[in-house]
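Given next are the chains, with one letter for each unit.
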Amino acid sequence: NLLNKDKAIQINNICDFSNTKIISATKFDPIFNTPTKKLITVGRLNPTKRVDILLKATKIILDTNNVDLIIVGEGPEKTKLKQLAKDLNISERVHFIGFSNETHNWIANSDIYVSASIVEGSPNSIIESVCLGTPVVAADCNFGPKEILDNGRIGILVPINNTTEMITSINNILENESLRKTIGKLSQKQKINYSAEKISKLYIKEITKLNEIN
């Protein structure tokens, strides 16, 4: 409301893995030694992330697909979420990793990145998933997922607070290898938009404009 929109410039966060070595799944963590498909979510464990939806979705998905849910992050909801996993009788299929400075390895070696968050800004974990070619299923909250996933062209958007749609979309990708590969390839093509080179040039361009005006 305060800014002149004609003068507002949006510049993405840098997400550049061009010089980052990704550790292969079986060498990275024993979790990846099992034949199950791996779902992953990354972020602070607070109520707005709605990780409870992902736990409830995993419970139903296990009826038809062999999956594990990897949860990377810490937060005030952790104890409550662990209890929910126990109540749902899926504790053995849910892995609370805690904080990690190797989220790129967790995401790159997983099959689907999932987000049920009802509030986002520009979620780095979804951007990282896109750049790493890991298919994304995300709640369509205001700002963030829709813009990053190009209105659903390079990932699947589901209504917020909707466990049923989350389940359907995850199962759809799990059971459709062609769709999974297509989304992965399309998303990886977007990684140039987050490269250090491109983002740096955008900053230099806009700063140069300001200097010219002054």
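Quantities reported herein were computed from a predicted structural model and do not represent experimental measurements.

### Comments concerning the nonpolar core
Ranked by size, the top nonpolar core spans 30 residues in total, and within it Leu55, Val137 and Ile170 carry the most contacts. Elements represented by at least two residues in this core include exactly helix H2 (51–61), strand S2 (67–72), helix H3 (78–87), strand S3 (94–98), strand S4 (112–115), strand S6 (156–158) and helix H7 (163–174). If you tally residues by element for this core, the top one is H2, at 6 residues. Residues within four places of valine 137 in sequence aside, it is in contact with Ile112, Tyr113, Val114, Ser115, Ile156, Val158, Met166, Ser169, Ile170 and Ile173.

### Let's talk about the pairing of S2
Of all the 6 residues making up S2, 6 are buried; the element is thus mostly covered by neighbouring parts of the structure. Of the two faces of S2, the one holding Val67, Leu69 and Ile71 and the one holding Asp68, Ile70 and Val72 are both buried throughout. As defined by bridge partners, strand S1 (residues 37–42) adjoins S2 across 6 bridges and the pair is classed as parallel. Counterpart to valine 42 in the pairing with S2 is valine 72. Of the crossover connections in this fold, the one passing from S1 over H2 to the parallel S2 is right-handed. One crossover worth recording links S2 to the parallel S3 by way of H3, and it is right-handed.

### What about the state of the cysteines?
Chemically, a disulfide is nothing more than a covalent bond linking the sulfur atoms of two cysteines. The full count for this structure, using the stated rule, is 0 disulfides. Summary of cysteine pairing: cysteine 15 is not part of a disulfide, and the nearest cysteine sulfur, belonging to cysteine 131, is at 3.6 Å.

### Focus on the packing of aromatic side chains
For any two aromatic rings, the description comes down to two numbers: the centre-to-centre distance and the angle of the planes. In this structure the tally under the stated criterion is 3 aromatic pairs. Relative to phenylalanine 32, the ring of phenylalanine 28 lies with its centre 6.4 Å away and its plane at 40°, an arrangement referred to as tilted. By relative accessible area, which is 15% here, phenylalanine 28 ends up buried. Using a relative accessible area of 7% as the deciding quantity, one classes phenylalanine 32 as buried. Ring geometry for phenylalanine 28 and tryptophan 106: centres 4.9 Å apart, planes at 75°, overall edge-to-face. Placement of phenylalanine 28 in helix H1 (residues 25–28) and of tryptophan 106 in helix H4 (residues 103–108) is noted, with a sequence separation of 78 residues between them.

### Description of the side chain of threonine 134
By secondary structure assignment, the location of threonine 134 is in the loop between helix H5 (124–132) and strand S5 (136–139). For threonine 134, the side chain forms a polar contact with the main-chain oxygen of isoleucine 107, separated by 2.9 Å. Apart from residues no more than four positions distant in its own chain, threonine 134 is found in contact with Ile107, Ala108, Ser110, Asp111, Ile112, Tyr113 and Ser129.

### Some remarks on H3
Among the residues of H3, those classed as buried are Lys78, Leu81, Leu84 and Ala85. An end-on view of H3 places all buried positions within 120° of arc, on one side of the element. What points out from H3, more than 90 degrees from its buried face, is the exposed set Thr79, Lys80, Lys86 and Asp87. Where H3 is buried, its residues contact H2 and S3. Just downstream of H3, asparagine 89 is the residue with a positive phi angle, here 60°.

### Quick notes on the sheet that holds S1
Sheet architecture is open: 6 strands sit in the order S3-S2-S1-S4-S5-S6, paired in parallel fashion. The open sheet has two edge strands, S3 and S6, and neither has a second partner. The mean angle between the axes of side-by-side strands here comes to 20°, regardless of whether they run parallel or antiparallel. Note: S4 against S5, 3 bridges, orientation parallel.

What counts, and at which threshold
- Residues numbered from 1 in each chain as written.
- Predicted model: local features only at pLDDT ≥ 70, side-chain atom pairs only at ≥ 80, totals over all residues.
- Heavy atoms only, no water.
- Core = buried A, V, L, I, M, F, W, Y, C linked by side-chain atoms within 4.5 Å.
- Buried < 20%, exposed > 50% of the residue type's maximum accessible area, 1.4 Å probe, protein only.
- Helix = DSSP H or I, 4+ residues; strand = E, 2+ residues; numbered from the N terminus.
- Contact = heavy atoms within 4.5 Å.
- Pairing = 2+ DSSP bridges.
- Right-handed = clockwise from strand over helix to strand, strands pointing away.
- Disulfide = S-S within 2.5 Å.
- Phe/Tyr/Trp six-rings, centres within 6.5 Å; stacked < 30°, edge-to-face > 60°.
- Polar contact = N/O pair within 3.5 Å; in protein donor to acceptor, adjacent residues only side chain to side chain.
- Arc of directions from axis to C-beta.
- Axes fitted to C-alpha atoms, helices over the stretch in contact; angles between N-to-C directions.

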